[in-house]
Amino acid sequence: MRDRVQSVRAFSLTQHRQTPYLGALRSGEEPNAKGYFVRRGNGTVYPIFDRSVLVRIETASGMAGWGETYGLVAPGAVGAIIDDLLADFTVGRNPADPAAVYDDLYDLVRVRGYTGGFYVDALAAIDIALWDIAARLEGVSVTELLGGVVRDRIPAYVSGLPETKIDARAELAKSWQSRGFNAFKFAAPVADDGLTAEIAALRAALGPDARIAADMHWKYGAHDAIEEIRAMAAHGLWFAEAPVRPEDVTGLETVCRNAGVPIAVGEEWRTHHDLRNRIDRCGISIVQPEMGHTGLTGFMRIAQLAGRHGLDVIPHATVGSGVFLAASLHASAALEPVTGHEFQHSVFESSRGLLDGDLACTEGFYTAPGGPGLGVEPSERALSRLKPI
Ligand code: MG
């Protein structure tokens, strides 16, 4: 008999971290009463802790699956969307067909313009949990359900070097190089001496063979971005990420056509429509879907569209317990166009102990977790910290 969804519940999970994301706070970056602060380098709000939203779905037969999405700010917004709307339209559905559920839920409010943001974040968490269940019902891993293993090991690049001084960041990168990693990315908002000085210091520390990318955090106009990228290119730049504001499609096109270095974008996208609206026009080289925003259904569609246009897919990694990272690795193991994956070592380390299951990144490679399903689930420690929202 066909199984059906019986319950959908959302929780927040908050985790203390030693050093704030992207490193210690600079002057003028004081947290408010809720623990939020604004990075002066990019005008973006972050919490001083780690937080995500987890979703648990249970079926009539007693099978359970987990999903996850962003909870960095206003996790209650995602919780309300699930509790007030999406849960009731998910209950009763066939968990073996997550893409059909995804499309129906997406359609509920698309003509009101809710085609991204918190709405699709909430949908992503439900979608990941349904894929987890669908694979468990078949007794296979999510990778196998998505089409099978293309690669066992996924090349990882080290991202985020949370030290306050340029020399210390270069030293930290070098310590990762000695542990078998040879690809790195630095972040513009905390490159206090400028982008060119940052890449020069990293290049001097890491040698000529290391891959070094720059995350420009959407903070430049097109012409300034091109100048910065050309200056960095003299030191061997692997790719430049997010050079202009997310809405500036014309600026993105200008940068892609003139910078002379591969341009990577897409961590803020929710669906393949975001890629489709840029793919013919912009000349993007690398697409960086974020599982916590896209869910598995959206992620697969973005990666497959990218693959049909000959683009590389190098997925984004962000703050979470590891559930959506596991989903991202399962998809990456199954997708031909994936050539690498971001490794946020500080998040990875601070979330250690929150998951049961294999989630490893050593000597430059992730291994996709085994199955069944996602092959991971929240540990006792994580479960004891979940707060219903
Ligand atoms: Mg980024």
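In what follows, the structure referred to is the one given above.
So, here's what we can say about the structure. Keep in mind it's a predicted model, so treat the numbers as computed, not measured.

**A short note on the packing of helix 2 (residues 98-107) against helix 3 (residues 117-138)**
Contact pair helix 2 / helix 3: the axes reach a minimum separation of 9 Å and the direction vectors enclose 160 degrees. As far as their axial angle goes, helix 3 and helix 2 are roughly antiparallel. As helix 2 runs across helix 3, the sense of the crossing is right-handed. Counted together, Pro98, Val101, Tyr102, Leu105 and Tyr106 of helix 2 and Tyr119, Val120, Leu123, Ile126, Asp127, Leu130, Trp131 and Ala134 of helix 3 form the full contact between these two elements. Taken together, the residues of the contact of helix 2 with helix 3 sort by class into 12 nonpolar, no polar and one charged.

**Brief notes about the pattern of salt bridges**
A complete count under the given rule lists 13 salt bridges for this structure. The residue Lys185 makes a salt bridge to Glu342 at a minimum N-O spacing of 3.2 Å. Of this pair, Lys185 sits in strand 7 (residues 183-187) while Glu342 sits in strand 13 (residues 341-344), and the two are 157 residues apart along the sequence. By sharing partners, the salt bridges in this structure join Lys185, Glu241 and Glu342 into a single network.

**Examining the layout of surface pockets**
The volume enclosed by the largest pocket comes to roughly 820 Å³. Along its surface, the largest pocket is lined by 32 residues, and Tyr70, Trp218, Glu267, Glu268 and His293 are the ones closest to its centre. Those elements giving two or more residues to the lining of the largest pocket turn out to be strand 3 (44-47), helix 3, strand 7, helix 9 (272-282) and strand 13. Class assignment of the residues belonging to the lining of the largest pocket gives a composition of 13 nonpolar, nine polar and 10 charged. By volume, the second largest pocket amounts to about 280 Å³. Lining the second largest pocket are 22 residues, and of these Ser321, Gly322, Phe348, Ser351 and Leu359 lie nearest its centre. Within the residue set of the lining of the second largest pocket, elements represented by two or more residues are helix 11 (323-334), helix 12 (345-350) and strand 14 (355-357). Ranked by the residues each element gives to the lining of the second largest pocket, the list is headed by helix 11, at three residues. Looking at the lining of the second largest pocket residue by residue, the classes come out as 10 nonpolar, 10 polar and two charged.

**Observations concerning the coordination of the magnesium ion**
Geometry reference: four tetrahedral donors at a metal, ideal angle 109.5 degrees. Six octahedral donors, ideal angles 90 or 180 degrees. Bound to the magnesium ion are the protein donor atoms Asp215 (OD), Glu241 (OE) and Glu267 (OE), situated 2.0 to 2.2 Å from the metal. Along the chain, the residues donating to the magnesium ion fall in the pattern D-x25-E-x25-E. Taken together, the residues span a long stretch of sequence, with Glu241 in strand 9 (residues 240-241) and Glu267 in the loop between strand 10 (263-265) and helix 9 at a distance of 26 residues. The buried category is assigned to Glu241, whose relative accessible area is 0%.

**Considerations on the pairing of strand 6 (residues 153-159)**
The buried fraction of strand 6 amounts to five of the seven residues, a majority that puts the element mostly inside the structure. One ladder, built from three bridges, connects strand 6 with strand 16 (residues 365-367); its direction is antiparallel. By the bridge assignment for strand 16, Arg153 is matched with Thr367. Bridge count between strand 6 and strand 7: two bridges; the pairing is parallel. Counterpart to Val158 in the pairing with strand 7 is Phe184.

**Side note on empty space enclosed by the protein**
Left-over empty space is what a probe sized like a water molecule reveals as it rolls over the atoms. A complete count under the given rule lists four cavities of 30 Å³ or more for this structure. By volume, the largest cavity amounts to about 80 Å³. If you go around the largest cavity, the residues you meet are Trp218, Ala242, Val244, Arg245, Pro246, Asp248, Val249, Leu252, Val265, Glu268, Trp269 and Arg278. By residue class, the composition of the lining of the largest cavity is eight nonpolar, no polar and four charged.

**A closer look at the side chain of His272**
As for its placement among the helices and strands, His272 is situated in helix 9. Residue class for His272 comes out buried when judged on its relative accessible area of 14%. Not counting the four nearest positions on each side in its chain, His272 is found in contact with Arg301, Ile302 and Leu305.

Conventions and cut-offs
Every chain is numbered on its own, with residues counted from 1 as its sequence reads. Only residues with pLDDT of at least 70 get local features here, since the model is predicted, and only at 80 or more are side-chain atom pairs given and counted; chain-wide, interface and lining totals rely on the full set of residues. Only heavy atoms go into the side-chain values, all of them from the structure, while hydrogens and water stay out. Axis definition: a line fitted to C-alpha atoms, limited for helices to the stretch in contact. Angles are taken between N-to-C directions and run from 0 to 180 degrees. The way it works is that DSSP assigns letters per residue, a run of H or I at least four long becomes a helix, a run of E at least two long becomes a strand, and they are numbered from the N terminus. Orientation labels follow simple angle bins: below 35 degrees gives roughly parallel, above 145 gives roughly antiparallel, 65 to 115 gives roughly perpendicular, and whatever is left gives oblique. Whether a crossing is left-handed or right-handed is set by the direction in which the near helix is turned from the far one by less than a right angle, anticlockwise for left-handed and clockwise for right-handed. Residue contacts follow a heavy-atom distance rule, with two residues in contact if any of their heavy atoms lie within 4.5 Å. Classification used: nonpolar for Ala, Val, Leu, Ile, Met, Phe, Trp, Tyr, Cys and Pro, charged for Asp, Glu, Lys and Arg, polar for all others including Gly. Here a salt bridge means any side-chain nitrogen of Lys or Arg lying within 4 Å of a carboxyl oxygen belonging to Asp or Glu. Put simply, the grid is 1 Å and covers the protein atoms alone, a cavity is a trapped set of points that fit a 1.4 Å probe, a pocket is an open set with protein on both sides within 12 Å along at least five of seven lines, and lining residues have an atom within 4 Å of a point. Grid points are joined across faces, edges and corners, and a volume is the space filled by probe spheres set on the points. Excluding water, the donors of a metal are its N, O and S neighbours within 2.8 Å, or within 3.2 Å for Na, K and Ca, and that exclusion means sites may look incomplete. Burial classification: accessible surface area is computed with a 1.4 Å probe over protein chains only, and a residue below 20% of its type maximum counts as buried, one above 50% as exposed, and the rest as partly exposed. Any two strands are treated as partners once DSSP identifies two or more bridges connecting them.

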